[in-house]
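# Survey of secondary and tertiary structure
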Amino acid sequence: MPGISALQIVSSGKADFGISYADDILKAREQGIPVVGLMTTFQVDPRVLIYHQGNPISKFEDLNGKKLFVSNGVMYWEFVKNKYHLDQVNQINYSGQLANFISDKDSLNQGYISNEPFVLKKQGVDVSYLKIADSGYANYANILFTTEKFIAEHPDVVEAVAKASQKGWEYYNEQYQTVNPLIHQYNPDLPVENLDNEAKT
């Protein structure tokens, strides 16, 4: 559901489990929302800031004076912006479409290391990127979470779901070539070659 986060759905009781980022879970707890992270699938934040090859960018400080397509309120960008004194970046809300980035060779765009660079390469757009993890922003990604209430009421279910999720990820990492065609059946907009690239990356 666009505009509705997994944290909202789980904290309201409409779902028992969700997946989010560690920073979002910590922010929710700070706001009094009793969610709990159970396990992570990514030890390193996979998000990147993508730029067109040939752009004279090699470090975060080089972003001043540039245009950046990034979602409003993402904490990693607030961290990077403050740490590297990026007060001259023209920040534009990212719509989820790459057309604006593609047409503006001097811009940057948020992305996932395993997704947008591959998608752009398929469209003939050569890019490089800065890894958010290299900025000093340490953040686990794809955190399976639930609520304190659900843990207290169903500890056996929580343990079983966490173990099954871990086992599923381990299986996927070893057998993604057999799993991705099935994922594609349920998500026809996701080509198998894109899914394979994500798994490898």
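For the structure itself, look to the data block above.
Along each chain, residues carry numbers from 1 onward, in the same order as the chain's sequence is written. Selection of residues for local features in this predicted model requires a pLDDT of at least 70, selection of side-chain atom pairs for listing and counting requires 80 or more, and totals for whole chains, interfaces and linings are taken over all residues. Excluded from the side-chain calculation are hydrogens and water; included are all heavy atoms of the structure.

## Considerations on the packing of aromatic side chains
Stated precisely, the cut-off is as follows: The pairing test for Phe, Tyr and Trp rings, Trp by its six-membered ring, is centres within 6.5 Å, and the orientation test on the planes gives stacked under 30 degrees, edge-to-face over 60, and tilted for anything in between. What counts as a helix is a DSSP run of H or I of at least four residues, what counts as a strand is a run of E of at least two, and both are numbered from the N terminus. We call a charge positioned above a ring when the Lys NZ or Arg CZ atom is no farther than 6 Å from the ring centre and deviates by at most 35 degrees from the ring normal.
Taken as a whole and judged by the stated rule, the model has six aromatic pairs. Residues W169 and Y172 carry aromatic rings whose centres are separated by 6.0 Å and whose planes lie at 85° to one another, so their mutual orientation is edge-to-face. Of the two residues, W169 and Y172 both sit in helix α7 (residues 155-186), three residues apart, roughly one turn of that helix. The aromatic ring of Y21 is capped on one face by R47, whose charged end is 3.8 Å from the ring centroid.

## Brief notes about the sheet that holds strand β1 (residues 18-20)
Selection criterion: Paired strands are those between which DSSP finds at least two bridges. An axis is simply a line fitted to the C-alpha atoms; with a helix, the fit covers only the stretch in contact. Between two such axes, the angle follows the N-to-C directions and lies from 0 to 180 degrees. Contacts: residue pairs with any heavy atoms within 4.5 Å of one another.
Within the open sheet, the three strands sit side by side as β1-β8-β2. Their pairing is antiparallel. The open sheet terminates on both sides in strands that have one partner only, identified here as β1 and β2 (35-42). Sheet twist, expressed as the average angle between the axes of neighbouring strands with direction ignored, equals 35°. Strand direction decides the pairing type here: β1 and strand β8 (residues 141-147), joined by three bridges, are antiparallel. Paired with S20 across the bridge in β8 is I143. Of the strands in this sheet, β1, β2 and β8 touch helix α2 (residues 22-30), which is tilted by about 175° from β2.

## As for the side chain of N55
Which entries qualify depends on this criterion: Only protein chains enter the area calculation, which uses a 1.4 Å probe; residues under 20% of their type maximum are buried, those over 50% are exposed, and those in between are partly exposed. For this analysis, a polar contact is any N or O atom pair within 3.5 Å, provided that within protein one partner can donate a hydrogen and the other can accept it, and provided that sequence-adjacent residues contribute only side-chain to side-chain pairs.
Among the structural elements, N55 can be located in the loop between β3 (47-52) and β4 (67-70). The class for N55 is buried, based on a relative accessible area of 11%. In this structure the side chain of N55 is engaged in a polar contact, spanning 2.9 Å, whose partner is the backbone oxygen of K105. Residue contacts for N55: discarding those within four places in its chain leaves K66, K105, D106 and S107.

## Side note on the environment of D45
For D45, the location among the structural elements is in the loop between β2 and β3. Note on D45: relative accessible area 5%, which makes it buried. On a C-alpha basis, the gap between D45 and A141 in space is 5.7 Å, while along the polypeptide they are 96 residues apart. Within the structure, the side chain of D45 is placed 2.8 Å from the side chain of R47, a separation counted as a polar contact. Side chain to side chain, D45 and N139 meet in a polar contact 3.3 Å long.

## Things to note about the pairing of strand β6 (residues 107-112)
Within a regular beta strand, the side chains point alternately toward one face of the sheet and then the other, so they alternate between its two faces. Of all six residues in β6, five are buried, a share of seventy percent or more. Across five bridges, the pairing between β3 and β6 is antiparallel. For I50, the partnering residue across the bridge sits in β6 and is N109.

## Observations concerning the sheet that holds strand β5 (residues 90-93)
Read across the open sheet, the five strands follow the order β5-β4-β6-β3-β7; overall the sheet is mixed. Only two strands of the sheet have a single partner each, and these edge strands are β5 and β7 (127-131). The mean inter-strand angle of the sheet, taken between neighbouring strand axes irrespective of direction, is 30°.

## With respect to the side chain of N139
Considering the arrangement of structural elements, one finds N139 in the loop between β7 and β8. In terms of polar contacts, N139 uses its side chain to reach the backbone amide nitrogen of D23, at 2.9 Å. Apart from residues lying up to four places away in sequence, N139 is in contact with Y21, A22, D23, V44, D45 and R47.

Read these as spatial facts, not as claims about activity.
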